[in-house]
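Chain and residue survey
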Amino acid sequence: MKTTISVIKADIGGFPGHVSVHKECMEIADKELGAAKNNGLINDYRIMRCGDDLELIMSHTKGINNEEIHKLAWDTFIKATEKAKSLKLYGAGQDLLSDSFSGNVKGMGPGVAEIEFEERKSDPLIIFMADKTAPGAWNLPLYKIFADPFNTAGLVIDPKMHDGFVFEVHDVIDNKRIELKCPEESYDLLSLIGATDRYCVKSVKKKNGEICSVSSTQRLNFMAGRYIGKDDPVCIVRAQSGFPAVGEVLEPFAFPFMVKGWMRGSHHGPFMPVPFEKANPSRFDGPPRVIAAGFQVSNGMLIGPSDLFDDPSFDKARAETNLIADYIRRHGPFEPHRLPMDEMEYTTLPGVLEKLKSRFEVIE
Ligand code: F6R
Ligand code: MG
Ligand code: MG
(Lines give C-alpha, C1' and ligand atoms only; values in the text may rest on other atoms or scores of the structure.)
(Ligands and ions follow the chains in the order given, each with its own letter.)
Protein backbone atom coordinates (compact mmCIF):
# COMPACT_ATOMS: atom_id res chain seq x y z
CA MET A 1 0.00 0.00 0.00
CA LYS A 2 1.30 3.46 -0.90
CA THR A 3 1.70 6.20 1.68
CA THR A 4 0.80 9.82 0.90
CA ILE A 5 2.23 12.78 2.76
CA SER A 6 0.18 15.96 2.29
CA VAL A 7 1.51 19.29 3.49
CA ILE A 8 -1.19 21.95 3.25
CA LYS A 9 -0.60 25.41 4.68
CA ALA A 10 -2.24 28.78 5.00
CA ASP A 11 -1.85 32.09 6.78
CA ILE A 12 -5.08 32.17 8.78
CA GLY A 13 -4.13 35.23 10.81
CA GLY A 14 -0.91 36.58 12.29
CA PHE A 15 0.17 37.26 15.87
CA PRO A 16 1.09 40.07 16.05
CA GLY A 17 0.99 41.46 12.52
CA HIS A 18 2.63 38.83 10.30
CA VAL A 19 5.11 37.39 12.81
CA SER A 20 3.70 34.08 14.07
CA VAL A 21 0.64 31.84 14.55
CA HIS A 22 -1.22 32.07 17.85
CA LYS A 23 -1.09 28.99 20.10
CA GLU A 24 -4.89 28.79 20.31
CA CYS A 25 -5.16 28.53 16.50
CA MET A 26 -2.66 25.67 16.55
CA GLU A 27 -4.71 23.96 19.27
CA ILE A 28 -7.83 24.14 17.09
CA ALA A 29 -5.90 22.53 14.20
CA ASP A 30 -4.63 19.83 16.55
CA LYS A 31 -8.17 19.04 17.66
CA GLU A 32 -9.49 18.82 14.10
CA LEU A 33 -6.72 16.59 12.75
CA GLY A 34 -6.78 14.54 15.98
CA ALA A 35 -10.45 13.74 15.29
CA ALA A 36 -9.62 12.83 11.67
CA LYS A 37 -6.92 10.45 12.92
CA ASN A 38 -9.34 8.87 15.42
CA ASN A 39 -11.96 8.26 12.73
CA GLY A 40 -9.37 6.73 10.39
CA LEU A 41 -9.34 9.36 7.63
CA ILE A 42 -5.65 10.00 8.19
CA ASN A 43 -2.98 7.76 9.70
CA ASP A 44 -1.01 10.47 11.42
CA TYR A 45 -0.42 14.22 11.47
CA ARG A 46 1.66 17.07 12.88
CA ILE A 47 0.67 20.70 13.34
CA MET A 48 3.56 23.08 12.77
CA ARG A 49 4.10 26.72 11.92
CA CYS A 50 6.70 28.82 10.18
CA GLY A 51 6.26 32.53 10.88
CA ASP A 52 2.57 33.35 10.38
CA ASP A 53 1.84 30.18 8.38
CA LEU A 54 -0.09 27.27 9.86
CA GLU A 55 1.26 24.00 8.45
CA LEU A 56 -0.81 20.81 8.39
CA ILE A 57 1.30 17.71 7.80
CA MET A 58 -0.84 14.62 7.18
CA SER A 59 -0.02 11.04 6.34
CA HIS A 60 -2.71 8.85 4.76
CA THR A 61 -3.39 6.29 2.03
CA LYS A 62 -5.78 8.25 -0.18
CA GLY A 63 -3.29 9.56 -2.75
CA ILE A 64 -2.65 13.13 -3.84
CA ASN A 65 -5.45 15.63 -4.64
CA ASN A 66 -7.90 13.65 -2.53
CA GLU A 67 -11.12 15.55 -1.91
CA GLU A 68 -11.64 14.29 1.66
CA ILE A 69 -8.11 15.26 2.69
CA HIS A 70 -8.35 18.68 1.06
CA LYS A 71 -11.74 19.24 2.70
CA LEU A 72 -10.26 18.29 6.08
CA ALA A 73 -7.51 20.89 5.60
CA TRP A 74 -9.97 23.52 4.38
CA ASP A 75 -12.39 22.96 7.28
CA THR A 76 -9.46 23.08 9.71
CA PHE A 77 -8.30 26.43 8.28
CA ILE A 78 -11.87 27.76 8.51
CA LYS A 79 -12.12 26.73 12.19
CA ALA A 80 -8.68 28.19 12.97
CA THR A 81 -9.73 31.39 11.17
CA GLU A 82 -12.83 31.65 13.37
CA LYS A 83 -10.55 31.53 16.41
CA ALA A 84 -8.19 34.07 14.77
CA LYS A 85 -11.14 36.38 14.11
CA SER A 86 -12.37 36.06 17.70
CA LEU A 87 -8.90 37.15 18.89
CA LYS A 88 -8.83 39.86 16.20
CA LEU A 89 -5.54 38.42 14.92
CA TYR A 90 -4.03 40.24 11.97
CA GLY A 91 -5.25 39.43 8.46
CA ALA A 92 -7.46 36.60 9.78
CA GLY A 93 -8.31 34.28 6.89
CA GLN A 94 -6.14 36.21 4.42
CA ASP A 95 -5.18 33.11 2.41
CA LEU A 96 -8.70 31.67 2.12
CA LEU A 97 -9.87 33.17 -1.14
CA SER A 98 -13.28 31.56 -1.29
CA ASP A 99 -16.28 31.18 1.03
CA SER A 100 -16.97 27.57 0.15
CA PHE A 101 -14.93 24.46 -0.60
CA SER A 102 -15.10 23.09 -4.14
CA GLY A 103 -13.27 19.76 -4.08
CA ASN A 104 -9.61 20.81 -3.96
CA VAL A 105 -7.81 23.54 -2.02
CA LYS A 106 -5.61 24.34 -5.05
CA GLY A 107 -6.53 27.73 -6.41
CA MET A 108 -8.39 28.60 -3.22
CA GLY A 109 -5.41 30.15 -1.42
CA PRO A 110 -3.64 27.50 0.69
CA GLY A 111 -0.27 26.14 -0.46
CA VAL A 112 -0.06 22.40 -1.20
CA ALA A 113 2.75 19.87 -1.62
CA GLU A 114 1.82 16.17 -1.70
CA ILE A 115 3.95 13.11 -2.33
CA GLU A 116 2.83 9.49 -2.74
CA PHE A 117 5.26 6.58 -2.58
CA GLU A 118 5.73 2.93 -1.77
CA GLU A 119 7.61 2.93 1.55
CA ARG A 120 11.15 1.64 1.34
CA LYS A 121 12.80 -0.44 4.06
CA SER A 122 13.42 2.90 5.76
CA ASP A 123 12.15 6.26 4.45
CA PRO A 124 13.74 9.48 5.72
CA LEU A 125 11.84 12.57 4.59
CA ILE A 126 12.47 16.29 5.09
CA ILE A 127 9.77 18.94 4.97
CA PHE A 128 11.00 22.49 4.39
CA MET A 129 8.61 25.27 5.35
CA ALA A 130 9.29 28.94 4.58
CA ASP A 131 7.84 32.31 5.48
CA LYS A 132 8.11 35.74 3.78
CA THR A 133 9.15 34.38 0.41
CA ALA A 134 7.81 32.76 -2.78
CA PRO A 135 7.97 29.25 -4.35
CA GLY A 136 10.95 30.19 -6.56
CA ALA A 137 13.01 30.14 -3.34
CA TRP A 138 13.34 26.34 -3.69
CA ASN A 139 14.91 26.51 -7.18
CA LEU A 140 18.48 27.12 -6.03
CA PRO A 141 18.57 24.51 -3.23
CA LEU A 142 16.78 21.87 -5.36
CA TYR A 143 19.28 22.39 -8.15
CA LYS A 144 22.16 22.04 -5.71
CA ILE A 145 20.66 18.97 -4.01
CA PHE A 146 19.83 17.03 -7.18
CA ALA A 147 22.24 18.37 -9.80
CA ASP A 148 25.34 19.98 -8.27
CA PRO A 149 28.18 17.57 -7.49
CA PHE A 150 29.91 20.28 -5.43
CA ASN A 151 26.93 20.03 -3.07
CA THR A 152 25.91 16.39 -3.43
CA ALA A 153 28.84 14.02 -3.35
CA GLY A 154 26.51 11.11 -4.16
CA LEU A 155 26.06 12.35 -7.73
CA VAL A 156 29.72 11.48 -8.29
CA ILE A 157 30.40 8.56 -5.96
CA ASP A 158 27.09 6.71 -5.44
CA PRO A 159 26.31 4.42 -8.41
CA LYS A 160 22.58 4.65 -7.47
CA MET A 161 22.61 8.43 -8.06
CA HIS A 162 25.12 8.66 -10.88
CA ASP A 163 22.41 8.67 -13.59
CA GLY A 164 21.06 12.00 -12.37
CA PHE A 165 17.50 13.26 -11.92
CA VAL A 166 14.58 14.74 -13.87
CA PHE A 167 13.26 18.20 -12.93
CA GLU A 168 9.64 19.16 -13.59
CA VAL A 169 9.50 22.96 -13.99
CA HIS A 170 6.30 25.00 -13.94
CA ASP A 171 5.90 28.30 -15.75
CA VAL A 172 3.58 29.87 -13.18
CA ILE A 173 2.65 32.77 -15.45
CA ASP A 174 1.70 30.85 -18.64
CA ASN A 175 0.57 27.79 -16.69
CA LYS A 176 2.80 25.33 -18.61
CA ARG A 177 5.17 22.57 -17.53
CA ILE A 178 8.36 21.04 -18.89
CA GLU A 179 10.64 18.19 -17.81
CA LEU A 180 14.42 18.56 -18.04
CA LYS A 181 17.01 15.86 -17.41
CA CYS A 182 20.18 16.41 -15.41
CA PRO A 183 23.09 16.40 -15.94
CA GLU A 184 22.37 16.37 -19.73
CA GLU A 185 20.14 19.45 -19.81
CA SER A 186 21.42 21.26 -16.73
CA TYR A 187 22.28 24.46 -18.62
CA ASP A 188 18.75 24.58 -20.11
CA LEU A 189 17.35 23.96 -16.64
CA LEU A 190 19.41 26.79 -15.14
CA SER A 191 18.39 29.18 -17.91
CA LEU A 192 14.80 28.74 -16.75
CA ILE A 193 14.94 28.32 -12.99
CA GLY A 194 17.34 31.24 -12.50
CA ALA A 195 14.20 33.31 -13.22
CA THR A 196 12.64 32.48 -9.86
CA ASP A 197 9.58 34.66 -10.29
CA ARG A 198 8.31 32.77 -13.31
CA TYR A 199 9.78 29.24 -13.32
CA CYS A 200 9.48 27.02 -10.26
CA VAL A 201 10.71 23.47 -9.73
CA LYS A 202 7.52 21.52 -9.01
CA SER A 203 8.98 18.05 -8.58
CA VAL A 204 12.13 15.99 -8.98
CA LYS A 205 12.14 12.32 -9.96
CA LYS A 206 14.71 9.64 -10.53
CA LYS A 207 15.09 8.63 -14.15
CA ASN A 208 13.10 5.46 -13.39
CA GLY A 209 10.18 7.71 -12.39
CA GLU A 210 10.55 7.33 -8.63
CA ILE A 211 9.44 10.56 -6.91
CA CYS A 212 12.08 12.39 -4.82
CA SER A 213 10.70 15.86 -4.14
CA VAL A 214 7.52 17.94 -4.49
CA SER A 215 7.07 21.68 -3.85
CA SER A 216 4.10 24.00 -3.56
CA THR A 217 4.00 26.40 -6.52
CA GLN A 218 0.84 28.37 -5.81
CA ARG A 219 1.04 32.09 -6.62
CA LEU A 220 -1.48 33.57 -4.24
CA ASN A 221 -1.28 37.10 -5.57
CA PHE A 222 -1.97 35.86 -9.13
CA MET A 223 -5.04 33.98 -7.94
CA ALA A 224 -6.42 36.89 -5.97
CA GLY A 225 -5.56 39.52 -8.61
CA ARG A 226 -4.19 41.78 -5.88
CA TYR A 227 -1.36 41.60 -3.39
CA ILE A 228 -2.26 39.57 -0.32
CA GLY A 229 1.14 38.31 0.70
CA LYS A 230 3.83 36.08 -0.69
CA ASP A 231 3.10 32.39 -0.91
CA ASP A 232 5.41 31.16 1.83
CA PRO A 233 6.08 27.81 0.15
CA VAL A 234 6.72 24.27 1.37
CA CYS A 235 8.87 21.53 -0.14
CA ILE A 236 9.11 17.80 0.61
CA VAL A 237 12.34 15.90 -0.10
CA ARG A 238 12.98 12.17 0.37
CA ALA A 239 16.50 11.18 1.42
CA GLN A 240 19.09 8.38 1.54
CA SER A 241 19.60 5.03 -0.25
CA GLY A 242 19.77 6.28 -3.84
CA PHE A 243 18.36 9.71 -2.98
CA PRO A 244 20.60 12.51 -1.64
CA ALA A 245 21.65 12.00 2.00
CA VAL A 246 19.94 14.09 4.71
CA GLY A 247 23.13 16.16 4.99
CA GLU A 248 23.25 16.70 1.22
CA VAL A 249 19.64 17.88 1.29
CA LEU A 250 20.42 20.42 4.05
CA GLU A 251 23.79 21.61 2.73
CA PRO A 252 22.50 24.34 0.32
CA PHE A 253 21.02 26.21 3.30
CA ALA A 254 24.50 26.76 4.79
CA PHE A 255 24.65 29.58 2.22
CA PRO A 256 22.06 32.31 2.95
CA PHE A 257 21.12 32.94 -0.68
CA MET A 258 18.91 35.84 -1.72
CA VAL A 259 15.17 35.34 -2.12
CA LYS A 260 12.20 37.55 -2.93
CA GLY A 261 9.73 38.49 -0.24
CA TRP A 262 10.49 40.06 3.14
CA MET A 263 8.68 43.34 3.93
CA ARG A 264 5.45 43.68 1.88
CA GLY A 265 6.63 40.87 -0.40
CA SER A 266 8.61 43.55 -2.22
CA HIS A 267 12.24 43.07 -1.24
CA HIS A 268 15.26 40.89 -1.79
CA GLY A 269 16.69 39.43 1.38
CA PRO A 270 18.82 36.51 2.62
CA PHE A 271 17.08 33.21 3.44
CA MET A 272 17.73 32.35 7.09
CA PRO A 273 17.68 28.69 8.22
CA VAL A 274 16.39 28.52 11.82
CA PRO A 275 15.20 26.06 14.46
CA PHE A 276 11.38 25.76 14.76
CA GLU A 277 11.12 28.16 17.70
CA LYS A 278 13.13 30.85 15.92
CA ALA A 279 10.83 31.14 12.93
CA ASN A 280 9.47 34.54 14.04
CA PRO A 281 10.33 36.99 11.25
CA SER A 282 10.13 40.26 13.16
CA ARG A 283 12.93 42.49 11.79
CA PHE A 284 11.41 44.45 8.89
CA ASP A 285 8.93 41.53 8.76
CA GLY A 286 11.83 39.15 8.13
CA PRO A 287 14.38 38.28 7.01
CA PRO A 288 12.72 35.35 5.19
CA ARG A 289 12.85 32.11 7.21
CA VAL A 290 13.14 28.42 6.48
CA ILE A 291 12.72 25.51 8.88
CA ALA A 292 13.45 21.84 8.13
CA ALA A 293 11.42 19.08 9.80
CA GLY A 294 12.97 15.61 9.51
CA PHE A 295 10.82 12.48 9.70
CA GLN A 296 11.09 8.76 9.28
CA VAL A 297 7.93 7.50 7.60
CA SER A 298 7.07 4.16 9.14
CA ASN A 299 4.03 2.14 7.99
CA GLY A 300 2.10 5.33 7.37
CA MET A 301 3.11 6.93 10.66
CA LEU A 302 5.27 10.04 11.06
CA ILE A 303 8.24 9.44 13.33
CA GLY A 304 9.48 12.90 14.26
CA PRO A 305 9.95 15.75 13.61
CA SER A 306 13.62 16.29 14.20
CA ASP A 307 14.46 20.03 14.13
CA LEU A 308 17.20 19.86 11.50
CA PHE A 309 18.43 23.47 11.53
CA ASP A 310 18.82 23.28 15.32
CA ASP A 311 22.51 22.66 14.76
CA PRO A 312 25.45 24.99 15.45
CA SER A 313 26.80 24.17 11.99
CA PHE A 314 24.12 26.56 10.65
CA ASP A 315 25.17 29.35 13.07
CA LYS A 316 27.49 30.83 10.47
CA ALA A 317 24.68 30.99 7.89
CA ARG A 318 22.53 32.79 10.48
CA ALA A 319 25.35 35.25 11.29
CA GLU A 320 25.92 35.84 7.57
CA THR A 321 22.18 36.39 7.08
CA ASN A 322 22.32 39.18 9.67
CA LEU A 323 25.33 40.79 7.97
CA ILE A 324 23.66 40.63 4.56
CA ALA A 325 20.41 41.92 6.06
CA ASP A 326 22.24 44.93 7.56
CA TYR A 327 23.99 45.61 4.27
CA ILE A 328 20.98 45.35 1.98
CA ARG A 329 18.62 47.18 4.38
CA ARG A 330 20.81 50.26 4.05
CA HIS A 331 19.53 50.59 0.46
CA GLY A 332 16.11 51.48 1.89
CA PRO A 333 13.65 52.00 -0.97
CA PHE A 334 16.30 51.47 -3.70
CA GLU A 335 16.79 48.46 -5.92
CA PRO A 336 18.17 45.83 -5.64
CA HIS A 337 16.80 45.74 -2.07
CA ARG A 338 13.37 46.74 -3.37
CA LEU A 339 12.18 44.42 -6.15
CA PRO A 340 12.12 45.80 -9.72
CA MET A 341 8.88 47.44 -10.79
CA ASP A 342 7.44 44.63 -12.88
CA GLU A 343 7.61 42.32 -9.88
CA MET A 344 5.71 44.81 -7.71
CA GLU A 345 2.61 44.68 -9.89
CA TYR A 346 0.29 43.83 -7.03
CA THR A 347 1.64 46.19 -4.40
CA THR A 348 0.46 49.69 -3.62
CA LEU A 349 3.09 51.16 -5.99
CA PRO A 350 0.77 51.20 -9.05
CA GLY A 351 -1.61 53.40 -7.02
CA VAL A 352 1.15 55.94 -6.41
CA LEU A 353 2.13 55.91 -10.11
CA GLU A 354 -1.50 56.41 -11.12
CA LYS A 355 -1.71 59.46 -8.87
CA LEU A 356 1.37 61.03 -10.51
CA LYS A 357 0.39 60.11 -14.08
CA SER A 358 -1.19 63.43 -15.03
CA ARG A 359 1.85 65.38 -13.77
CA PHE A 360 4.33 63.72 -16.15
CA GLU A 361 5.43 66.06 -18.96
CA VAL A 362 7.05 65.01 -22.25
CA ILE A 363 10.77 65.87 -22.38
CA GLU A 364 11.43 67.88 -25.57
C1 F6R B 1 4.92 40.04 3.78
C2 F6R B 1 3.85 40.50 4.65
C3 F6R B 1 4.08 41.75 5.43
C4 F6R B 1 3.02 42.82 5.06
C5 F6R B 1 3.29 44.14 5.81
C6 F6R B 1 2.23 45.19 5.54
O7 F6R B 1 4.51 38.90 3.09
O8 F6R B 1 2.81 39.91 4.73
O9 F6R B 1 5.37 42.25 5.28
O10 F6R B 1 3.01 43.04 3.68
O11 F6R B 1 3.33 43.91 7.20
O12 F6R B 1 0.98 44.67 5.86
P13 F6R B 1 -0.36 45.52 5.83
O14 F6R B 1 -0.43 46.20 4.49
O15 F6R B 1 -1.45 44.52 6.03
O16 F6R B 1 -0.27 46.52 6.95
MG1 MG C 1 0.36 37.12 7.29
MG1 MG D 1 3.47 34.04 5.92
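Keep in mind that this is a model prediction, so the values were computed, not measured.

What counts and how
- Residues numbered from 1 in each chain as written.
- Chains lettered and ligands numbered in written order.
- Predicted model: local features only at pLDDT ≥ 70, side-chain atom pairs only at ≥ 80, totals over all residues.
- Heavy atoms only, no water.
- Donors = N, O, S within 2.8 Å, 3.2 Å for Na, K, Ca; no water.
- Pairing = 2+ DSSP bridges.
- Helix = DSSP H or I, 4+ residues; strand = E, 2+ residues; numbered from the N terminus.
- Axes fitted to C-alpha atoms, helices over the stretch in contact; angles between N-to-C directions.
- Contact = heavy atoms within 4.5 Å.
- Core = buried A, V, L, I, M, F, W, Y, C linked by side-chain atoms within 4.5 Å.
- Buried < 20%, exposed > 50% of the residue type's maximum accessible area, 1.4 Å probe, protein only.
- Domains from an automatic or database assignment.
- Buried area = accessible area lost by both parts, 1.4 Å probe.
- Salt bridge = Lys/Arg side-chain N within 4 Å of Asp/Glu carboxyl O.
- Phe/Tyr/Trp six-rings, centres within 6.5 Å; stacked < 30°, edge-to-face > 60°.
- Lys NZ or Arg CZ within 6 Å of the ring centre and 35° of its normal.

1. A look at the coordination of the magnesium ion (ligand 3)
All of the protein donors around the magnesium ion (ligand 3) are Asp52 (OD), Asp53 (OD), Asp131 (OD) and Asp232 (OD); their distances to the metal are 2.0 to 2.2 Å. Taken in chain order, the donor set of the magnesium ion (ligand 3) reads D-D-x77-D-x100-D. For the pair the magnesium ion (ligand 3) and the magnesium ion (ligand 2), the metal-to-metal distance amounts to 4.6 Å, and Asp52 bridges them.

2. Side note on the sheet that holds strand S2 (residues 44–50)
Strand order across the open sheet formed by four strands is S2-S3-S1-S4, with antiparallel pairing between neighbours. With partners counted over all chains shown, the strands left at the sheet margins are S2 and strand S4 (111–118), one partner each. Here the average twist between neighbouring strands, direction ignored, is 15°. Where S2 and strand S3 (residues 53–60) come together, seven bridges link them in antiparallel fashion. In the strand pairing of S3, Cys50 is matched with Asp53. Sheet contacts for helix H1 (residues 23–38): S2 and S3; angle to S2, the most-contacted strand, approximately 165°. The strands that helix H2 (residues 67–86) touches are strand S1 (2–10), S3 and S4; relative to S3, the one it contacts most, it runs at about 150°.

3. Here's the deal with the nonpolar core
Grouped together as the largest cluster of nonpolar side chains are 39 residues, with contacts concentrated most on Phe128, Trp138, Leu142, Phe146, Phe167, Phe253 and Phe271. A per-element tally of this core places helix H3 (residues 139–147) first, with five residues. Those residues in contact with Phe146 that lie beyond four places of it in its chain are Leu155, Phe165, Phe167, Val204, Cys212, Ser213, Val237 and Pro244. Of all hydrophobic cores here, the second largest spans 28 residues; its members include Ala36, Met58, Trp74 and Ala80.

4. Concerning the coordination of the magnesium ion (ligand 2)
Six octahedral donors at a metal ideally form angles of 90 or 180 degrees, and four tetrahedral donors ideally form angles of 109.5 degrees. The coordination sphere of the magnesium ion (ligand 2), as far as protein atoms go, consists of Asp11 (OD), His18 (ND1) and Asp52 (OD), spread over 1.9 to 2.2 Å. Written as a sequence motif, the donor arrangement for the magnesium ion (ligand 2) is D-x6-H-x33-D.

5. Some points on H3
Given 3.6 residues to a turn, an α-helix orients residues that are three or four positions apart in the same direction. Counting buried positions along H3 yields seven of nine residues, so the element is predominantly enclosed. Turning to H3, its buried residues number three or more, namely Asn139, Pro141, Leu142, Tyr143, Ile145, Phe146 and Ala147.

6. Here we look at the domain arrangement of the chain
Domains assigned within the chain are domain 1 (1–118) and domain 2 (119–348). Each side of the interface is counted separately: domain 1 has 37 residues, and domain 2 has 43 residues. Three residues, Cys50, Ile115 and Phe117, lead the burial of domain 1 against domain 2; their summed loss comes to 18% of the area buried on that side. On inspection of domain 1 and its partner domain 2, the count reaches one salt bridge.

7. What about the pattern of salt bridges?
Following the criterion strictly, the structure yields 24 salt bridges and no others. The salt bridge involving Glu68 is made with Lys62; its shortest N-O contact spans 3.7 Å. A residue is classified by how much of its surface remains accessible, and Glu68, at 45% relative accessible area, is partly exposed. Its relative accessible area of 34% is what places Lys62 among the partly exposed residues. The partner of Arg338 in a salt bridge is Glu335, with the nearest N and O atoms 3.6 Å apart.

8. Regarding the pairing of strand S7 (residues 176–182)
Here seven bridges tie strand S6 (residues 165–171) to S7, and the two strands are oriented antiparallel to one another. Following the sheet pairing, Val166 is matched in S7 by Lys181. Joining the antiparallel neighbours S6 and S7 is a turn of four residues, in which Asn175 adopts a positive phi near 55°.

9. Focus: the packing of aromatic side chains
To describe a pair of aromatic rings, you give the distance between the ring centres and the angle between the ring planes. One pass over the full model with this rule turns up 14 aromatic pairs. Residues Phe128 and Trp138 carry aromatic rings whose centres are separated by 6.0 Å and whose planes lie at 40° to one another, so their mutual orientation is tilted. Here Trp138 lies in the loop between strand S5 (123–131) and H3 and Phe128 lies in strand S5, a separation of ten residues in the sequence. With respect to burial, Phe128 and Trp138 carry one shared label: buried. What links up through ring pairs into an aromatic cluster is the set Phe128, Trp138, Phe253, Phe255, Phe257, Phe271, Phe309 and Phe314. Here Arg238 stacks its cationic end above the ring of Phe117, 4.0 Å away from the centre of that ring. The aromatic ring of Phe284 is capped on one face by Arg329, whose charged end is 3.5 Å from the ring centroid.

10. Examining unusual backbone geometry
In the segment running from Cys182 into Pro183, the intervening peptide bond is cis, with an omega of 10°. Tracing the backbone shows Pro183 in the loop between S7 and helix H5 (186–193). The peptide bond linking Glu335 to Pro336 adopts the cis configuration, its omega dihedral lying at 5°. In this structure, Lys132 takes a positive phi of about 65° despite not being glycine. Turning to its location among the elements, Lys132 is positioned in the loop between S5 and H3. Positive phi, normally seen in glycine, also occurs at Asn175, with a value near 55°.

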